[in-house]
Each structure stands twice: as C-alpha cells, then as structure tokens.
Amino acid sequence: PAHVKFIFATTEAHKVPVTILSRCQRFDFKRIPLVEIISHLEGITRQEGIEVSKSGLALIGREAQGSMRDAESLLDQVVSFAGNKINDKHITEILGIIDRDIIFDASRAIIEGSSGRCLEIVDQIYNYGYDIKEFYRALMGQFRNLLMSRLTVQDQLLDMTESDREEAASQAEKAGTEKLEVLLNFLINREEDLRF
C-alpha cells in the first residue's frame, strides 16, 4: 500500500548494488558529537536515579563513537554490573577501556623522552590485561588530538572533556607541532609492525 515505507540502513553504502540505489532516496547520518551524547546520558541517569560522574559519561560516550544507541547500551551494561552508584573505575573495568590517565601519562612520557616510564606503562597495560593493539590505537588517537589542539582553536574537533582538553593543550605546547607530527607519523607507519 501507498502508506508503507521501507527504510534500508547500512554502514556500507558502497556495497549496495546500483539497481537498488537508483530506487532509493539516500540520507547520510553523521556521528553524534560527544557533548550531545553526554547530555543525553545525563538526562537518563538523572531520571533513573543513577549516580555517575560527567567524566564517566564521557568515557561511555567516547566508546560509543558517535552512536547514541551504542551509548545507551553501554550505559545499560555498566548499570547492570555496577548498580546505581557508578565510578569511573567501574566503567573502565566493565567496558575494558584503557584509562585516559594512562594514555595521558604515556604521551607525557614519550614527549619527555622518558623511556623508563614508557616501559613501566607498557608493563602496567600488559598486567591489567588490556589489548596492546587497542593501547597502540588509543596512543595514535592521543597524538592526533595533541596535534589537532596545536593546529586549531575549534574545540568541537576534539572529542574530549574540558579537563582533558586543557591537559592536551599543555602537552602539545610542550612538544611543539614538529615533534608531534614526527611522533604521529612514526606511530602510523609502525602500526603494521606491532604484531612482530
């Protein structure tokens, strides 16, 4: 019947045959900014009487990578394990997220050239049972953010909380643009070698 509408959703539009695409009206959805995800999760937690910090909601929001549905599912997962009083440590443990403090500590050690501290951090990551490839990707993301904070004043380009943004700006200032570019390029070029 005329009132029926079919909605075909995909994250891989390039794989849809032309014969199908030619009969569709296309809408591309963008990732939801971290600030909006945090705000929405705050509303849910307030309504449900769940105690969680804004930095904890930011951890969930970042892990959701722009998807509100995923953010709500992750929050639900954390609540089902930790109950109605959630601290940031619960979130990092339950979701297996590498703590932001460790990432900032690692980037600081690299910028300062403290190889001993770098080895301690890698040992800590290994002993916590984190995936080393995930840590590597998080570290690349960190240096991308540090470089972005040097190159732009537009805060919306950095999916970070205000305190993280300040720390990133401080580390980026200390390192300088040239060093950050060298470090980020090194990490990108050596990612393939990580398995060895």
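Just above, that's the structure.
Bear in mind the structure is a predicted one, so any value in this text is a computation, not a measurement.

Visitor: What should I look at first to understand the layout of surface pockets in this one?
Guide: Vacant regions in the atomic arrangement are exposed by a probe of water-molecule size rolled over the atoms. In this structure, the largest pocket occupies an estimated 970 Å³ of space. Taken together, 25 residues make up the lining of the largest pocket; nearest its centre are F8, A9, T10, F27 and F29. No other element matches helix 4 (residues 68-82), which puts 3 residues into the lining of the largest pocket.

Visitor: Honestly, unusual backbone geometry in this entry has me stumped. Any pointers?
Guide: One non-glycine residue, Q65, lies in the positive phi region at around 50 degrees. Its location among the elements puts Q65 in the loop between helix 3 (54-64) and helix 4.

Visitor: Can you walk me through the packing of helix 3 against helix 4 in this structure?
Guide: Between two packed helices, the angle of one axis relative to the other and the distance separating the axes together describe the packing. Two numbers describe how helix 3 lies on helix 4: the axes approach to 8 Å, and their chain directions differ by 130 degrees. Considering their axes alone, helix 3 and helix 4 lie oblique with respect to each other. In this structure, the crossing between helix 3 and helix 4 has a hand that is right-handed. The segment helix 3 lies against helix 4, with L57, I60, E63 and A64 engaging D70, A71, L74, L75 and V78. Of the residues assigned to the contact of helix 3 with helix 4, the class counts are 7 nonpolar, no polar and 2 charged.

What counts, and at which threshold
- Residues numbered from 1 in each chain as written.
- Predicted model: local features only at pLDDT ≥ 70, side-chain atom pairs only at ≥ 80, totals over all residues.
- Heavy atoms only, no water.
- 1 Å grid on protein atoms, 1.4 Å probe; cavity = no way out; pocket = protein on both sides within 12 Å on 5 of 7 lines; lining within 4 Å.
- Points joined across faces, edges and corners; volume = space filled by probe spheres on them.
- Helix = DSSP H or I, 4+ residues; strand = E, 2+ residues; numbered from the N terminus.
- Axes fitted to C-alpha atoms, helices over the stretch in contact; angles between N-to-C directions.
- Parallel < 35°, antiparallel > 145°, perpendicular 65-115°, else oblique.
- Left-handed = near helix turned anticlockwise from the far one by under 90°.
- Contact = heavy atoms within 4.5 Å.
- Nonpolar A, V, L, I, M, F, W, Y, C, P; charged D, E, K, R; others polar.

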